[in-house]
Amino acid sequence: MAASSEEVLLVVKKVRQKKQDGTLYLMAERIAWGPEGKDRFTVSHLYADIRCQKISPDGKAKIQLQLVLHTGESTTFHFANENSALRDRDAAKDLLQQLLPKFKKKANKELEEKNRMLQEDPVLFQLYKDLVVSQVISAEEFWANRLSMNSVNHSTSNNKQEVGISAAFLADIRPQTDGCNGLRYNLTSDIIESIFRTYPAVKQKYAENVPHNLTEKEFWTRFFQSHYFHRDRISTGLQDLFSECAKQDEKGLKSMVGQGVKNPLVDLQSLEDKALDEVNLAGTDTIPLYKTRVFGYGTAATPSTSNSNRTVKENSNSAIIKRFNHHSAMVLAAGLRKQDPLNDQASETSSTDGNSRDSDLFQPPIKKVKLQEAIEYEDLQQEDGLKTVSLNLKKSDRYSHGPVPIQTQHYTTSQDIINSVILVQHEMANYKPCLTQVMSSTMASSAIVALSPGGVLMQAGTQQAINRGYLSLSLHPKMVPSEVQSELKHLYTAAGELLRHFWSCFPVNTPFLEEKVVKMRSNLERFQLTKLHPFQEKVQRQYFSTNLTGHLEEMLQTAYNKFHAWQTRRMMRKT
Amino acid sequence: MKLNIEGLLVYFPYDYIYPEQYSYMQELKRTLDAKGHGVLEMPSGTGKTISLLSLIVAYQRAYPLEVTKLIYCSRTVPEIEKVVEELRKLMEFYAKETGETNKLLALALSSRKNLCVHPEVSSLRFGKEVDGKCHSLTASYIRAQRHSNPSQPICHFFEEFDALGRQVPIPPGIYNLDDLKAFGRRKGWCPYYLARYSILHANIVVYSYHYLLDPKIADLVSKELAKKSVVVFDEAHNIDNVCIDSMSVNLTRRTLDRSQANVETLQNTIQRIKEIDAAKLKEEYRRLVEGLKEANVARETDIYLSNPVLPDEILQEAVPGSIRTAEHFVGFMKRLLEYLKSRLRIQHVVQESSPQFLKDIYEKVCIDRKPLRFCAERLRSLLRTLEITDIADFSPITLISHFATLVSTYSKGFTIIIEPFEDKTPTIANPVLHFSCMDPSIAIKPVFERFQSVIITSGTLSPLDIYPRILDFRPVTMSSFTMTLARTCLCPLIVGRGNDQVAISSKFETREDFAVIRNYGNLLLELSGIVPDGIVAFFTSYIYMENIVASWYEQGILENIQRNKLIFIETPDAAETSMALEKYQEACENGRGAILLSVARGKVSEGIDFVHHYGRAVIMFGVPYVYTQSRILKARLEYLRDQFQIRENDFLTFDAMRHAAQCVGRAIRGKTDYGLMIFADKRYARADKRGKLPRWIQEHISDGSLNLTIDETVQLSKHFLRQMAQPFRREDQLGLSLLTLDQLQSEETLQRIAQIAQQV
């Protein structure tokens, strides 16, 4: 069952599974294992199905790799090659480590997207039920070109909410003692991503050093040893890889502080109006430097208390506090970063404006709003008007201009129509039959056939056909009960969907499309067999007078004809 | 709505009113009628400001001759701006109802930093720099020099104002700081000097306490304000400390060193001027003999605020001859500096009174009391004569001169403490001379004497009777108002024990106890799991917070808390804390939730509100006593005991409780808001502590919530929060805690309102 097209990324021999020797294959989209001497895989997992991998601790005799699936099942591989078991295992592990996150994200995202689409669109849901649940086509086929179609649409319109970072992600890395005076940290890709997102400085270090200077493991070992991770430790050595990160953070913190706060109500610096530095109107001055706070923090903590006075412990305490503030700010920022390209722009422009000499020209709006908020008493006020929901427009110009015909120039104005009618009337009035040039009756009727739906000239456009189908329903609604009508509608949409798939394969110019067109044809046949025929029979049993499915069959037949034509052409080319 | 408050028509700019607002206005009216002072405590977040403004503006309109001006003092710049905005709302309502245009002039005044529009000066970051730069552009001799030397830079805004601004008064209206700036820009006038000039004829002035309480500033700014003014001190629970601060001086060795440099500069300048322009110094000498006499004439008309630095009786005399010439004065200052330096070279703590100090200085360096008293005045005059431009550089020597004047003027109510080192670091010499005022009534006395009505109000003034005692005045009304509630939107809980039954307390003996710290951590951890959005926690001091945070970090408690919420911590650095605060609000805003660890008595606890989701729970870890080992505090306690018969313990508890109440009160604004108030110390359960909380908090402490364990607290909190999360509509409140005009007219309601105010 090994598909030849799959790219094999890694082959590891002498891997045991359930006490059977075999070979482990890591391929582009799945991992598989087959017992020795046999040409098939007994174990095969798509990467998307794997939740995580676990490895046996370093010191253990058995070198194993365990895969845990989303379903909760797990598979354990035992690397049994005496010489290179560890290396094999690590190679497999590293590769998996790279591959898994890609699929994981994709799987989750896709699943979510599909779910959302089905929920939002009842027609699609019905279609899904008709085609996939009843196993006319497989789910993949169903989604194949739908997702790509929609993802473009939606990624622009729906700003998906980013998942934030848990503030405690560092705490979640619980070190475990390994029994011999060491600590072990378990890192998952989630944690690593959190670290990178929160501390860009570390990410940069990682990019600089891994893999050419350090292995990944060394990098993280150093990370956990550094004072950087242990916030209470005071920076000691310069050789520390992360001392630079710490400095960078310090700088970041400083710049954050330097930017000041946007909300003037929380700006502690401008809070106090100590106008003690008063200068006389006439020009004589008293500028005392009264800084007493008799009942301040402790007693009049003078700002001159230099750092040298502080003990090491106090220093480390204040370092912890600084780090916590910084950490929280970074976590918050990491959560918000993606979200507001718009806000960023706004703030950027305002900040550039703000930098222009007269900063307070631009300050009032936000200040005014905050002040108004602060003095408002919602329960004392009469409510003014209902709260309205804001309108979220995809294309605001269409809202303001109304639907505009796309090809105005092809439309005829009413004046044109009237003119032409007049013209025709005029012609008719002056009509003189010219009996010598009359068409024969057979030719006339064939022309009419060609012009009616399904005819040679009207083949294109299933859309029109569907319309006609609906039309035929609406023509005799009295004669057909509503449940049959709705069933017919479903059949139409399902057939339309299948035919769309089918026709989208033409022109068939790749092997993939070839394969697909064959599959689609069988799908159509299956549809006819499992869906259309029972319906036909049912209808015939009850209302033999009308042929409701005639048009559907016609459409299918056209498709078969096309397929047949294509196939014969292909056979001819091959021979 | 239009209200009838005992015969006075009051426009109130809302459609509904809280009963306590009505009651508050009644009390206020009575105070104004009696032309006396009042102490009013009204729960925070029940619309105190708008009630005050509505009533006083109405009073002003009804009796324009009785009350000519409202002087509204608040603490912080944002608060000042809020008051002006509320006033604007009120005046808009007036305009709408009466149809006439507003004839009132109301304005806010703040320091140059907040008002300057000069492109270069306003870009400076610190207030002192702005003041210094402004002075260097606007001082009289600079402007005089400009006549001879046109390249001398001056401030055009000030010149324009000086030329035109005083002739036509600023048109009536409401001017907030930004409005003043906009007006100044439009006219090309300096908004700061415009505001300072305009407060003289404005109907309503809103500014900071210091403009009235600090004698050095009050003398410049508020000197000529009319006697028939109503003065309001809002958020006045700390007013005694403001008074004390404004009269106290701290001198360090650094101050002295820098003063030394100042004196050198002065000497050199004098030398130079003597060579060039000896006439100038002569002129100064002549003026000193006459100059102060002129000032004396102006002072006799009694309408001026008496300046405690220069009491009236000295002004009968001219500057004593010993310091009249510039060289003599510089020599005098040198001697004074040397003496102070020698006093700072000590190994042990010294505490003495002003007379002792004066006696010692006379014996050691033969400096008399009299020239000392003139020190500040003489230095000012010298600096002006020497045409010093960068005045900010001379602040150390100015500080010394103020110290000299103060110490020689007051023999009572002050103490001098010289500490050779800080208590925490006995090995590092860092001598400080504290000249500290112990009697807040000294600074505020002129205010009470001069203005006909002074209203002291805040959300937390309990126990009310202590304020008249320490500020030494006799109020005509003293009232505390409760909060009428349709649902109990505040939930004070006293946590006394951990789940392990260990009593929790920040008491000195147990504060470092491992179990206490752990229990505090568990309390915060548990609450972080159940309280939505923001939690604010206050510690008793910064050092204590640092220690606790460190040990929580070691125990891994903080990590667990981080699972629930982000953590932000106050630091001694204001800019850093501002950033943390903003991030904290951001985290509350976007639904992540956050915890702010902060310090009682810190900047955050005094200036920032945590309304609605910014503070769903406030935790007070421990009782925020002052650092009782401080010698300054001890001296003050002694003074209080001797002078006002206030027992030390009473004062300490009072001080601690007002700060605790202040902290927890920050979380409530309006009756739609709600919040937990958690007092985590078993000492809060005692009657003497509990009894000193404001009535509106006390009422809601039931006997069942006195000595809770952490688990019980969590249960009660959960229950409370679940209840509060239910929709709360106006109909639920109407008639109970919210009144319409119709309801106000019923006899029954009025009777109920009468019970809200509790006279003391």
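Residues numbered from 1 in each chain as written. Chains lettered and ligands numbered in written order. Predicted model: local features only at pLDDT ≥ 70, side-chain atom pairs only at ≥ 80, totals over all residues. Heavy atoms only, no water.

**Observations concerning the packing of aromatic side chains**
Test applied: Side-chain rings of Phe, Tyr and Trp (the six-membered ring for Trp) are treated as a pair once their centres are within 6.5 Å; stacked means planes under 30 degrees apart, edge-to-face means over 60, and tilted covers the remaining angles. For helices the rule is a DSSP run of H or I covering at least 4 residues; for strands it is a run of E covering at least 2, with both sets numbered from the N terminus onward. Buried means the residue's accessible area, taken with a 1.4 Å probe over protein chains only, is under 20% of the maximum for its type, while exposed means over 50%, and partly exposed covers the values in between. Cation placement over rings: the criterion is NZ of Lys or CZ of Arg within 6 Å of the ring centroid and within 35° of the ring normal.
Taken as a whole and assessed by the stated rule, the structure comprises 42 aromatic pairs over all chains. Both rings, one in Tyr377(A) and one in Tyr18(B), keep their centres 6.4 Å apart while their planes meet at 85°; by these two values the pair is edge-to-face. Residue Tyr377(A) is found in the loop between helix 11 (364–375) and helix 12 (396–401), and its partner Tyr18(B) is found in the loop between strand 2 (8–11) and helix 1 (19–33); the two belong to separate chains. Accessibility classification places Tyr377(A) together with Tyr18(B) in one group, the buried group. Following the ring pairs from residue to residue traces out a cluster consisting of Tyr339(B), Phe357(B), Phe403(B), Tyr410(B), Phe414(B) and Phe435(B). Here Arg378(B) stacks its cationic end above the ring of Phe329(B), 5.3 Å away from the centre of that ring. Against the face of Phe728(B) rests Arg487(B), its NZ or CZ located 4.0 Å from the ring centre.

**Thoughts on the UniProt feature "domain: Helicase ATP-binding" (unreviewed entry) in chain B**
Selection rule: UniProt positions are given in the numbering used here, feature names are shortened, and annotations may be inferred rather than shown by experiment.
Cross-referencing UniProt, the feature "domain: Helicase ATP-binding" (unreviewed entry) maps to residues 7–283 of chain B in the present numbering. For residues 7–283 of chain B, the end-to-end C-alpha separation is 61 Å, with 56% helix and 13% strand making up the annotated structure.

**Section: the state of the cysteines**
Residue and element names in this part refer to chain B. Formally: Disulfides are defined as cysteine sulfur pairs within 2.5 Å.
Counted according to the given criterion, the structure contains zero disulfides over all chains. Free cysteine Cys663: the closest other cysteine sulfur is in Cys588, separated by 17 Å. Residue classification places Cys663 among the buried residues on the basis of a relative accessible area of 1%.

**Considerations on the side chain of Asp179(B)**
Short version of the rule: Polar contacts, as used here, are pairs of N or O atoms within 3.5 Å; protein pairs need one atom able to donate a hydrogen and one able to accept it. Residues neighboring in sequence count only if both atoms are side-chain atoms. Here, residues are in contact when the closest pair of their heavy atoms is within 4.5 Å.
If you trace the backbone, Asp179(B) turns up in helix 8 (residues 177–187). Among the polar contacts made by the side chain of Asp179(B), one reaches the side chain of Arg88(B) at a distance of 2.6 Å. Sequence-distant contacts of Asp179(B), that is, excluding residues within four places in its chain, are made with Lys368(A), Arg88(B) and Ile174(B).

**Here we look at the pattern of salt bridges**
All names here are of chain B. Quick note on the threshold: A pair is scored as a salt bridge if a Lys or Arg side-chain nitrogen falls within 4 Å of a carboxyl oxygen belonging to Asp or Glu.
The final tally for this structure, using the stated rule, is 46 salt bridges over all chains. Put simply, Asp650 and Arg647 hold a salt bridge, and the shortest N to O gap is 3.4 Å. For Arg647, a relative accessible area of 56% translates into the label exposed. Arg658 serves as the salt-bridge partner of Asp655, at 2.8 Å between the closest nitrogen and oxygen. Taken as a pair, Asp655 and Arg658 lie in helix 28 (residues 648–665) at a separation of three residues, close to a single helical turn. Comparing Asp655 with Arg658, the two get one shared label, buried. Among the charged side chains, a network of salt bridges with common partners joins Asp240, Arg601, Arg636, Asp655 and Arg658.

**A closer look at the pairing of strand 7 (residues 74–79) of chain A**
Residues and elements named next belong to chain A. Short version of the rule: One requirement defines pairing of two strands: DSSP has to find at least two bridges between them.
As judged from the two bridges shared by strand 1 (residues 8–17) and strand 7, these two strands associate in the antiparallel manner. Bridge pairing in strand 7 links Arg16 to His78. Strand direction decides the pairing type here: strand 6 (residues 63–69) and strand 7, joined by six bridges, are antiparallel. Bridge pairing links Gln64 to His78 in strand 7. Linkage of strand 6 to strand 7, two consecutive antiparallel strands, is achieved through a turn of four residues, within which Gly72 is found at a positive phi near 105°.

**Focus on the nonpolar core**
Rules: To define a nonpolar core, start from buried Ala, Val, Leu, Ile, Met, Phe, Trp, Tyr and Cys residues and group those joined through side-chain atoms within 4.5 Å.
Core analysis: the biggest nonpolar cluster contains 185 residues, and Tyr207(B), Phe233(B) and Leu340(B) have the highest contact counts within it. Ranked by residue count, the leading element in this core is helix 15 (residues 326–344) of chain B, at ten residues. Setting aside its immediate chain neighbours within four residues, Phe233(B) contacts Cys73(B), Tyr209(B), Leu212(B), Leu213(B), Ile239(B), Ile444(B), Val447(B), Val454(B), Ile455(B), Ile456(B) and Thr457(B). Judged by nonpolar contacts, the second largest core, of 117 residues, contains Tyr206(A), Leu558(B), Tyr584(B) and Met620(B).

**Details of the environment of Ile678(B)**
Residue and element names in this part refer to chain B. Topologically, Ile678 is positioned in strand 20 (residues 675–680). We classify Ile678 as buried; its relative accessible area is 0%. Each C-alpha atom, one on Ile678 and one on Ser717, is 9.5 Å from the other, the two residues being 39 residues apart in sequence. Beyond its immediate chain neighbours, meaning those up to four positions away, Ile678 contacts Leu493, Val495, Leu523, Leu527, Val618, Ile619, Met620, Thr713 and Ser717.

**Overview of the side chain of Ser453(B)**
Mapped onto the elements, Ser453(B) comes out in strand 13 (residues 453–458). Apart from the residues within four sequence positions on either side, Ser453(B) is in contact with Thr31(B), Leu32(B), Lys35(B), Gly36(B), His37(B), Ser229(B), Val230(B) and Val231(B).

**Quick word on helix 25 (residues 574–589) of chain B**
All names here are of chain B. Rules: For a helix, the expected span equals 1.5 Å multiplied by the residue count minus one.
The terminal C-alpha atoms of helix 25, which comprises 16 residues, lie 22 Å apart, in line with the 22 Å expected from a rise of 1.5 Å per residue. Burial within helix 25 is extensive, with 14 of its 16 residues counted as buried. You can read the cap of helix 25 off the contacts: a side-chain oxygen lies 2.9 Å from the backbone nitrogen of Ala575, and it is on Asp573. Downstream of helix 25 by one or two residues, Gly591 has phi in the positive range, about 90°.

**Observations regarding the sheet that holds strand 1 of chain A**
Residues and elements named next belong to chain A. So the rule is basically this: With axes taken as lines fitted to C-alpha atoms, and helix axes fitted only over the stretch in contact, angles between N-to-C directions fall between 0 and 180 degrees.
The sheet built from seven strands is open, its strands ordered 4-3-2-1-7-6-5 with antiparallel pairing. The open sheet has two edge strands with one neighbour each: strand 4 (43–46) and strand 5 (50–55). Here the average twist between neighbouring strands, direction ignored, is 25°.

**Quick word on the interface of chain A and chain B**
Under the convention used in this document: Accessible surface is computed with a 1.4 Å probe, and the buried area is the amount of it that two parts give up when combined, taken over both parts together. Think of it as three bins: nonpolar holds Ala, Val, Leu, Ile, Met, Phe, Trp, Tyr, Cys and Pro, charged holds Asp, Glu, Lys and Arg, and polar takes everything else, Gly as well.
The interface is formed by 93 residues belonging to chain A together with 122 residues belonging to chain B. Summing the contributions of chain A and of chain B, the shared interface buries around 10,200 Å²; its carbon and sulfur component is 57%. Counting the contacts that link chain A with chain B gives two salt bridges. Between Glu81(B) and Lys367(A) there is a salt bridge, and its shortest N-O distance comes to 3.0 Å. Along the contact surface separating chain A from chain B lie 15 residue pairs in polar contact (both at pLDDT 80 or more). Put simply, the parts of the chain that give the side of chain A that touches chain B at least two residues each are helix 4 (169–172), helix 8 (243–259), helix 9 (312–337) and helix 11 of chain A. Looking at which element gives the most residues to the side of chain A that touches chain B, the answer is helix 9 of chain A, with 15 residues. Considered class by class, the residues forming the side of chain A that touches chain B number 41 nonpolar, 25 polar and 27 charged.

**Considering the confidence of the model for chain A**
Residues and elements named next belong to chain A. The condition is simple: The quantity known as pLDDT measures the predictor's confidence residue by residue, on a range of 0 to 100.
Considering every residue of chain A, the mean pLDDT works out to 71; 69% of them sit at 70 or more. Within chain A, helix 10 (residues 341–355) has the poorest average pLDDT of any element, 38, and helix 13 (residues 414–429) the best, 87. Contacts from residues 460–476, a stretch scored under 50 in pLDDT, to residues over four places away or in other chains number 15 contacts.

**Quick notes on the sheet that holds strand 3 (residues 37–41) of chain B**
Residue and element names in this part refer to chain B. Ordered by their spatial adjacency, nine strands build an open sheet running 6-5-7-4-8-13-3-14-21, and the pairing between neighbours is mixed. With one partner strand each, in any of the chains shown, strand 6 (173–175) and strand 21 (757–759) form the two edges of the open sheet. The sheet shows a mean angle of 15° between the axes of neighbouring strands, direction not considered. As paired elements, strand 5 (residues 105–108) and strand 6 share three bridges and run parallel to each other. Residue pairing in the sheet places Ala106 in a bridge with Ile174 of strand 6. Its contacts with the sheet put helix 2 (residues 48–62) on strand 4 (69–74), strand 7 (204–208), strand 8 (229–233) and strand 13, and the angle it makes with strand 4 is roughly 165°.

**A closer look at helix 3 (residues 77–98) of chain B**
Residue and element names in this part refer to chain B. An ideal rise of 1.5 Å per residue puts 32 Å on 22 residues; helix 3 measures up with 31 Å between its terminal C-alpha atoms. Burial of helix 3 is extensive: 17 of the 22 residues sit out of reach of the surface. In the stretch just after helix 3, Gly99 is the one whose phi turns positive, near 80°.

**As for the environment of Gln643(B)**
Residue and element names in this part refer to chain B. Relative to the helices and strands, Gln643 is located in helix 27 (residues 631–644). Classification of Gln643 by relative accessible area gives partly exposed; the value is 35%. Along the chain, Gln643 and Gln629 lie 14 residues apart, while their C-alpha atoms are 21 Å from each other.

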